[in-house]
Amino acid sequence: MADSSDHRQFDAAVYELVRSIPFGRVMTYGQIAALIPPPESIDPIAYRRIRARWVGYALRRCPDDVPWHRVVNAEGRISPRPGHSPHIQRPLLEAEGVQFRSNGSLDLKRYGWDG
């Protein structure tokens, strides 16, 4: 089990990376997680299975200056986030020029950013 310093270090790495996502671009939870090493107290193999969720948990705790809205799931869709409905995230992305398909997804090839 990870200790609180593991969580703080991981969260800080997530926030730094998410802050670097350019205006009008997105990354997926899994992409972000793949760029961040596993916390020392977590088995790397086990981490690979849950790393995208760790990113989601970090973003749930993020400070106001982190553009959390630029993170979507692997299908290019908005994932539910406690306290922030898709009705908030989608308009934020649309204000940055991101267009959604009729099925509610966005084109990751067009709007995705590799970090």
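Look above for the structure.
Residues numbered from 1 in each chain as written. Predicted model: local features only at pLDDT ≥ 70, side-chain atom pairs only at ≥ 80, totals over all residues. Heavy atoms only, no water.

Some thoughts on the pattern of salt bridges
- On inspection of all chains with the given rule, the structure shows 6 salt bridges.
- We note a salt bridge from Arg-70 to Glu-96, for which the minimum N-O separation is 2.9 Å. One end of the pair, Arg-70, is in the loop between helix 3 (44–60) and strand 2 (71–72); the other, Glu-96, is in the loop between helix 4 (86–95) and helix 5 (108–111), with 26 residues separating them in the sequence.
- Arg-70 gets classed as buried once you look at its relative accessible area, which sits at 10%.
- For Glu-96, a relative accessible area of 12% gives the class buried. (Salt bridge = Lys/Arg side-chain N within 4 Å of Asp/Glu carboxyl O. Helix = DSSP H or I, 4+ residues; strand = E, 2+ residues; numbered from the N terminus. Buried < 20%, exposed > 50% of the residue type's maximum accessible area, 1.4 Å probe, protein only.)

Notes on the environment of Leu-59
- Among the structural elements, Leu-59 can be located in helix 3.
- Among the residues examined, Leu-59 registers a relative accessible area of 3% and is labelled buried.

With respect to the packing of aromatic side chains
- The full count for this structure, using the stated rule, is 3 aromatic pairs.
- Their ring planes at 80° and their centres at 6.1 Å tell us that Phe-10 and Tyr-47 sit as a pair that is edge-to-face. One end of the pair, Phe-10, is in helix 1 (residues 4–19); the other, Tyr-47, is in helix 3, with 37 residues separating them in the sequence.
- With relative accessibility at 3%, the residue Phe-10 sits in the buried group.
- A relative accessible area of 3% places Tyr-47 in the buried class.
- The interplanar angle of 85° and the centroid separation of 6.2 Å between the aromatic rings of Tyr-47 and Trp-54 together place this pair among those described as edge-to-face. Both residues of the pair, Tyr-47 and Trp-54, count as buried.
- An aromatic cluster is defined as three or more aromatic residues linked by ring pairs; in this entry it consists of Phe-10, Tyr-47 and Trp-54. (Phe/Tyr/Trp six-rings, centres within 6.5 Å; stacked < 30°, edge-to-face > 60°.)

Some remarks on helix 3
- Taking 1.5 Å as the rise per residue, helix 3 with 17 residues should run 24 Å; its terminal C-alpha atoms sit 23 Å apart, in good agreement.
- Along helix 3, the sharpest change in direction is near 65° and occurs at Ile-50.
- Lining the buried residues of helix 3 we find helix 1, helix 2 (29–34) and strand 2. (Expected span 1.5 Å × (residues − 1). Bend = angle between axes of the 7 residues up to and from the residue. Contact = heavy atoms within 4.5 Å.)

Focus: the packing of helix 1 against helix 3
- Between helix 1 and helix 3, the least distance of the axes is 10 Å, while the angle of their chain directions is 75°. Between helix 1 and helix 3, the interaxial angle falls into the category roughly perpendicular. Contacts from His-7, Phe-10, Asp-11, Val-14, Tyr-15 and Val-18 in helix 1 reach Tyr-47, Arg-51, Trp-54, Val-55, Ala-58 and Leu-59 in helix 3.
- Split by residue class, the contact of helix 1 with helix 3 holds 9 nonpolar, 1 polar and 2 charged. (Axes fitted to C-alpha atoms, helices over the stretch in contact; angles between N-to-C directions. Parallel < 35°, antiparallel > 145°, perpendicular 65-115°, else oblique. Nonpolar A, V, L, I, M, F, W, Y, C, P; charged D, E, K, R; others polar.)

Distances and angles like these do not, on their own, reveal function.
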